[in-house]
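Examining the three-dimensional arrangement
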Amino acid sequence: MRRILLASHGKLASGLKSSVDVLAGDSSAITAVDAYVDDSDYTKPIQRFIQESGPGDESVIFTDILGGSVFQKVALLRPEDHGVIHVTGMNLAAVMECLLTPDRLTPANVDEITRMAAQQLKRVSVPKGEETGGSEDGFFSSA
């Protein structure tokens, strides 16, 4: 079974889950953990996710920022010892691809997904004159 856990500071995790639901129509394979939004212990659902991952499961945990406290808590739980892949610096492209790819989620496949997702992070500047008079074909073409 494919299982994805999103863990973030604030409501980024639940927001990404909501976006996946809008775009894919089903986010039931995703668990969102919003840390530091109340006094609850956010590590318990993460521990449960790791412990419930079986040998046949494709389980991935996404954390929001490398080195942040949520990342550190997950890293200290050693999810890889349970066959769970940990990715940090989560974004919608990576989460969607992990959810929807027909390929098995192996470390090598997830590495490729993260490379693809990282390539989508770009600074954007609309060329002058394109705001109203340019064609969409020209605007969205690769530079």
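These lines cover the structure that appears in this document, whether it is placed above or below.

Here is what the cut-offs are and how they apply
- Residues numbered from 1 in each chain as written.
- Predicted model: local features only at pLDDT ≥ 70, side-chain atom pairs only at ≥ 80, totals over all residues.
- Heavy atoms only, no water.
- Helix = DSSP H or I, 4+ residues; strand = E, 2+ residues; numbered from the N terminus.
- Buried < 20%, exposed > 50% of the residue type's maximum accessible area, 1.4 Å probe, protein only.
- Contact = heavy atoms within 4.5 Å.
- Lys, Arg positive; Asp, Glu negative; His and termini not counted.
- Charge placed at Lys NZ, Arg CZ, Asp CG, Glu CD.
- Pairing = 2+ DSSP bridges.
- Axes fitted to C-alpha atoms, helices over the stretch in contact; angles between N-to-C directions.
- Arc of directions from axis to C-beta.
- Parallel < 35°, antiparallel > 145°, perpendicular 65-115°, else oblique.
- Left-handed = near helix turned anticlockwise from the far one by under 90°.
- Nonpolar A, V, L, I, M, F, W, Y, C, P; charged D, E, K, R; others polar.

1. Quick word on the overall build of the protein chain
Helix and strand counts for the protein chain come out as six helices and four strands. Mapped in sequence order, the helices and strands of the protein chain form the string β-α-β-α-β-α-β-α-α-α. The dimensions of the protein chain, computed from C-alpha atoms along their principal axes, are 55 × 35 × 30 Å. Across the 143 residues of the protein chain, 34% fall into the buried class. In the protein chain, once contacts between residues fewer than 6 apart in sequence are set aside, the share between residues at least 24 apart is 68%. Here the protein chain carries 13 positive and 20 negative side-chain charges, and the mean point of each set is 5 Å from the other.

2. Quick notes on the sheet that holds strand β3 (residues 58-63)
Spatially, four strands are ordered β2-β1-β3-β4 in an open sheet, and the strand pairing comes out parallel. The open sheet terminates on both sides in strands that have one partner only, identified here as β2 (30-35) and β4 (84-88). Across the sheet, the mean angle from the axis of one strand to that of its neighbour is 15 degrees, orientation sign disregarded. Here strand β1 (residues 2-9) runs beside β3; their pairing, made up of six bridges, is parallel. Among the inter-strand pairings, I4 is bridged to a residue of β3, identified as V60. Across the sheet, helix α1 (residues 12-24) lies against β1 and β2, angled at about 150 degrees from β2, the strand it touches most.

3. Description of unusual backbone geometry
The backbone of Y36 shows a phi angle near 65 degrees, a positive value even though the residue is not glycine. Note on placement: Y36 falls in the loop between β2 and α2 (43-51). Backbone geometry at R78 places phi at a positive 50 degrees, although glycine is not the residue there. In this structure, R78 sits in the loop between α3 (69-76) and β4.

4. Brief notes about α2
Taken together, the buried positions of α2 are T43, I46, F49 and I50. One side of α2 carries all its buried residues, which in axial view fall inside an arc of 120 degrees. Elements in contact with the buried residues of α2: β1, β2, β3, α3 and β4.

5. Re the packing of α1 against helix α4 (residues 92-100)
Where α1 meets α4, the axes come as close as 10 Å, and the angle between the chain directions of the two elements is 55 degrees. Considering the angle they form, α1 stands oblique to α4. The handedness of the crossing between α1 and α4 is right-handed. Here L16, S19, V20, L23 and A24 of α1 come into contact with α4, specifically with L92, V95, M96, L99 and L100. When grouped by side-chain class, the residues that make up the contact of α1 with α4 number nine nonpolar, one polar and no charged.

6. Let's talk about the environment of G89
Within the secondary structure layout, G89 lies in the loop between β4 and α4. Between the C-alpha atoms of G89 and T63, which are 26 residues apart in sequence, the distance is 6.3 Å. Residues within four places of G89 in sequence aside, it is in contact with T63, D64 and I65.

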